[in-house]
Amino acid sequence: MTSSDGEIQFQDDTLVMTSRNRPLPGVRLDVPGYLAVPGWEWHISPLGRSYFVDHNTQTTSWKKPKPERPAGSLKPECVIEGHSDCIWSLACLGTSDNIMSVSDDRAIRQWKRDGEPVGKPLNSDGGGIGSMVVSPDETMVVCGSTDGRLRLWNIKEGSMIGDPWEGHNAPVRCLDWSRNSLEIASGSQDGTIRRWNPNTGRQITPPIETSHGWVMDVKYCPKGDKFMSGRNGPICVWSRDGKLLIEINGHENWVSSLCWSKDGAHIFSGSNDRTIRKWQAIDGQELVVLRGHTHPVRSICLTPDERYIVSGSEDFSIRIWDLKTNQAVGDPLLHDDQVFAVVASHDGKYIASAGIDKKIYVWSLEAALINGVVAAANPPTNSNTTRLPPIHARRIPPTFFDDIDIHSSTSPGVHCPSSHRTLAPSIESARALFARIPSLFHHSRSGAGDELQQTQRQGIFSRRGPRAVQVAAVRDKQTLFVAPRPKQKQQQSSQLHGQGSSSQSQPTGTPTPVPNSSTQAPTAAAVTMKSRVLTVLARLVLLICCAPLPSTDGH
């Protein structure tokens, strides 16, 4: 096939994929980011069949990779099957609540919402059908084909009206019917916009030669006094007589889909730059940019109340956007392949979408919005996180450390922060501490009059946050710390400065204890041993405090 710039491209008609590279074995046909799933490549076999290489698992597959559907994601109310090729355009009929679709299989089909076919397919002899629009009174439908011709059909009778309309010399990509029913606009790959009289099938004015190559979409303003078009370059707004009124620049890639607000004050556009944008129609000022799709946006539509805008993308997904918050609602609605068309019902109850997978998906808009609210209220947790069991702490009695003789070991005249204090206990203090340890295991069933009360059972990952162990306030000298041994030179200089020549010298590296008023200063070896004993006891107390509580049945 030939691209818009005249370059010859390879196209796989089965997968509806194109490549600028030569289809040779060993040559990668896609560019990075073209496929919806990262880590895959598109190649062609010596027999000419496309296959895909998965570098994540070092395997190959004949099937195009698709994103994995998350557990619990919303499923469509109905999946309609019947077309044998890619579906390019959809329309909803307000009178009957039916859905119309056109496809590369050359057929126009009508369906009930539950998937039941309505009447026989309307078959065109002009090749694949890439565009369609229904008349405002919903009695006729006009379609554009790959042969560049337009054909008008009577929906009720299922027959073509008159002969095909000729004028375009390339496939027709888009169509729109004015609100007053007086004219139809068509856009083609030949880069022109043509306007037709639906009663005669003749062109009203000379064709408009656009500056943006292929015309991917064309839409009449609700008042019918102007229309717009888009593809490469800016969005162009035209008067009824074909004069260019304004060019709207901002998209970084070609524009694929357009729509007006009901009052004609705003324009919405979807683009290959993966964004949906809102513009001020009078001057083209950009108002909102919606980002979230990972691949080109191919179709957009507004809900009847204009509260939401729906977008379909080549990333296999449909997204619903809240125009009050300018945020996506819930998780994407997933297809099995690229999405080329989305449309909302006239009553605003459902959305229909279709694309390369040859299926029409019918979604409940209400269910999608509810699912979005639930998803926002319950954000997903990390499945790799191990949830630890709750830790139940015991409260240490306020008098637990009373009368425990613990002294600071810093030398006089030497400042030492509390985090660098060590222990110099007495034997009586150690015995008293040992005697009080069993009281930590006492469990009060009454919950009153006992100093050891069970704290509220609450896990460390509770929504209310972790609950700290409540310890009674203690005086500075009662706070337990374990410090590293001081450096030799610093310790010696501290001793000389604080005690002078009359002080008794201590072994290097040994803390200098402060003598107790009732006992004589212990030797260095005794102080070191007692400090180690009390350190072990202190750690044992902390371990006991953080151990799980016994259950009420005693187990």
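All of these numbers come straight from a predicted model, not from anything done at the bench.

1. Points about the overall build of the chain
Part 1 of the reasoning: Of regular secondary structure, the chain possesses four helices and 35 strands.
Part 2 of the reasoning: If you take every contact in the chain between residues at least 6 apart in sequence, the share linking residues at least 24 apart comes to 45%.
Part 3 of the reasoning: Carbon and sulfur atoms make up 51% of the accessible area of the chain, which totals about 29200 Å².

2. Details of the sheet that holds strand E11 (residues 129-134)
Part 1 of the reasoning: As summarised here, the arrangement of the four strands in space is E11-E12-E13-E14, forming an open sheet in which the pairing is antiparallel. Two strands close off the open sheet at either side, each with one partner strand: E11 and strand E14 (159-165). Sheet twist, expressed as the average angle between the axes of neighbouring strands with direction ignored, equals 20 degrees.
Part 2 of the reasoning: Here strand E12 (residues 140-145) runs beside strand E13 (residues 150-154); their pairing, made up of five bridges, is antiparallel. In the sheet register, Cys143 faces E13, and the bridge partner there is Arg151.

3. Some thoughts on the pattern of salt bridges
Part 1 of the reasoning: This structure, assessed with the given rule, holds 18 salt bridges.
Part 2 of the reasoning: The salt bridge partner of Arg69 is Asp336, with a shortest N-O separation of 3.9 Å. Taken together, the residues Arg69 in the loop between strand E5 (59-61) and strand E6 (78-81) and Asp336 in the loop between strand E32 (333-334) and strand E33 (339-344) connect sequence positions 267 residues apart.
Part 3 of the reasoning: Judged by relative accessible area, which is 25%, Asp336 ranks as partly exposed.
Part 4 of the reasoning: Across the pair Asp125 and Arg151 runs a salt bridge, and its minimum N-O distance is 3.3 Å. On the criterion of sequence distance, the pair formed by Asp125 in the loop between strand E10 (122-123) and E11 and Arg151 in strand E13 is long-range, its members being 26 residues apart.
Part 5 of the reasoning: Exposure remark for Asp125: the relative accessible area of 64% places this residue in the exposed category.

4. A word on the side chain of Ser239
Part 1 of the reasoning: Secondary-structure assignment places Ser239 in strand E22 (residues 235-239).
Part 2 of the reasoning: Excluding residues that lie within four positions of it along the chain, Ser239 makes contacts with Asp225, Lys226, Phe227 and Leu245.

5. Section: the pairing of E12
Regular strands have side chains that alternate between both faces of the sheet.
Part 1 of the reasoning: The element E12 is extensively covered by neighbouring structure, given that five of its six residues are classed as buried.
Part 2 of the reasoning: Taken together, the five bridges between E11 and E12 define a ladder with antiparallel strand orientation. Along E12, the bridge assignment pairs Ser131 with Gly144.
Part 3 of the reasoning: The hairpin turn running from E11 into E12, its antiparallel successor, is five residues long, and Glu138 in that turn takes a positive phi close to 60 degrees.

6. Observations concerning the state of the cysteines
Part 1 of the reasoning: Evaluation of the coordinates by the stated rule reveals zero disulfides.
Part 2 of the reasoning: Just so you know, Cys92 is unpaired, no disulfide at all, and the nearest cysteine sulfur is the one on Cys301, 8.4 Å from it.

7. So, the environment of Thr18
Part 1 of the reasoning: With respect to the helices and strands, the residue Thr18 is situated in strand E2 (residues 17-19).
Part 2 of the reasoning: In the structure, Thr18 is positioned 11 residues away from Leu29 in sequence and 8.4 Å away in space, judged by C-alpha atoms.

8. Observations regarding the environment of Asp163
Part 1 of the reasoning: With respect to the helices and strands, the residue Asp163 is situated in strand E14.
Part 2 of the reasoning: With relative accessibility at 63%, the residue Asp163 sits in the exposed group.
Part 3 of the reasoning: In this structure the C-alpha to C-alpha distance between Asp163 and Arg151, which are 12 residues apart in sequence, comes to 7.2 Å.

9. Focus on the sheet that holds E22
Part 1 of the reasoning: Strands sit in the order E20-E21-E22-E23 across an open sheet of four strands; the sheet is antiparallel. Each having just a single partner strand, strand E20 (215-220) and strand E23 (244-248) make up the two edges of the open sheet. Taken pair by pair, the neighbouring strands of this sheet meet at an average axis angle of 20 degrees, ignoring direction.
Part 2 of the reasoning: As paired strands, E22 and E23 are joined by four bridges and run antiparallel to one another. Note that in E23 the partner of Trp238 across the bridge is Leu244.

10. Quick look at the environment of Ala352
Part 1 of the reasoning: With respect to the element layout, Ala352 can be found in strand E34 (residues 350-355).
Part 2 of the reasoning: Taking the relative accessible area as the measure of exposure, Ala352 reaches 0% and is therefore buried.
Part 3 of the reasoning: Filtering out sequence-adjacent residues up to four positions away, Ala352 remains in contact with Leu90, Ile99, Ala341, Val342, Val343, Ile360 and Tyr361.

11. Notes on the confidence of the model for the chain
Part 1 of the reasoning: Per-residue confidence for the chain gives a mean pLDDT of 79, with 67% of residues at or over 70.
Part 2 of the reasoning: Under a pLDDT of 50 for its full length, residues 382-394 has, in the predicted model, 28 contacts with residues more than four places off or in other chains.
Part 3 of the reasoning: This stretch, residues 406-425, has a pLDDT under 50; its non-local contacts, to residues over four places away or in other chains, come to 45 contacts.

12. Describing unusual backbone geometry
Part 1 of the reasoning: With a phi angle near 55 degrees, Val16 is a residue other than glycine that sits in the positive phi range.
Part 2 of the reasoning: Within the secondary structure layout, Val16 lies in the loop between strand E1 (10-12) and E2.
Part 3 of the reasoning: Given the relative accessible area of 17%, Val16 is considered buried.
Part 4 of the reasoning: The backbone of Glu306 sits at a positive phi, close to 60 degrees, despite the residue not being glycine.
Part 5 of the reasoning: Structurally, Glu306 can be placed in the loop between strand E28 (297-302) and strand E29 (308-313).

13. Quick look at the pairing of strand E3 (residues 40-44)
Part 1 of the reasoning: For E3, a buried count of five out of five residues is recorded, marking the element as mostly surrounded by other parts of the structure.
Part 2 of the reasoning: Taking every second residue as pointing to the same face, both faces of E3 are buried, with Trp40, Trp42 and Ile44 on one and Glu41 and His43 on the other.
Part 3 of the reasoning: Relative to strand E4 (residues 50-54), E3 runs antiparallel, the two being bridged by five bridges. Within the sheet, the bridge partner assigned to Trp40 lies in E4 and is Asp54.
Part 4 of the reasoning: From the end of E3 to the start of E4, which pair antiparallel, there are five residues, and Gly48 there has a positive phi angle of about 90 degrees.

14. Topic: the packing of aromatic side chains
Part 1 of the reasoning: Summed over all chains, the structure comprises seven aromatic pairs.
Part 2 of the reasoning: Ring geometry for Tyr51 versus Trp62: centroids 6.3 Å apart, planes at 80 degrees, classification edge-to-face. Separated by 11 residues along the polypeptide, Tyr51 in strand E4 and Trp62 in the loop between E5 and E6 bring together distant segments of the chain.
Part 3 of the reasoning: What makes Tyr51 partly exposed here is its relative accessible area of 22%.
Part 4 of the reasoning: Classification of Trp62 by relative accessible area gives partly exposed; the value is 44%.
Part 5 of the reasoning: Clustering of aromatic rings is evident, with ring pairs tying together Phe10, Tyr34 and Trp42.
Part 6 of the reasoning: One Lys or Arg, Arg298, reaches over the ring of Phe340 and ends 4.4 Å from the middle of that ring.

Procedures and definitions
Residues numbered from 1 in each chain as written. Predicted model: local features only at pLDDT ≥ 70, side-chain atom pairs only at ≥ 80, totals over all residues. Heavy atoms only, no water. Helix = DSSP H or I, 4+ residues; strand = E, 2+ residues; numbered from the N terminus. Contact = heavy atoms within 4.5 Å. Areas by Shrake-Rupley, 256 points an atom, 1.4 Å probe, with all protein chains shown as cover. Pairing = 2+ DSSP bridges. Axes fitted to C-alpha atoms, helices over the stretch in contact; angles between N-to-C directions. Salt bridge = Lys/Arg side-chain N within 4 Å of Asp/Glu carboxyl O. Buried < 20%, exposed > 50% of the residue type's maximum accessible area, 1.4 Å probe, protein only. Disulfide = S-S within 2.5 Å. pLDDT = per-residue confidence, 0-100. Phe/Tyr/Trp six-rings, centres within 6.5 Å; stacked < 30°, edge-to-face > 60°. Lys NZ or Arg CZ within 6 Å of the ring centre and 35° of its normal.

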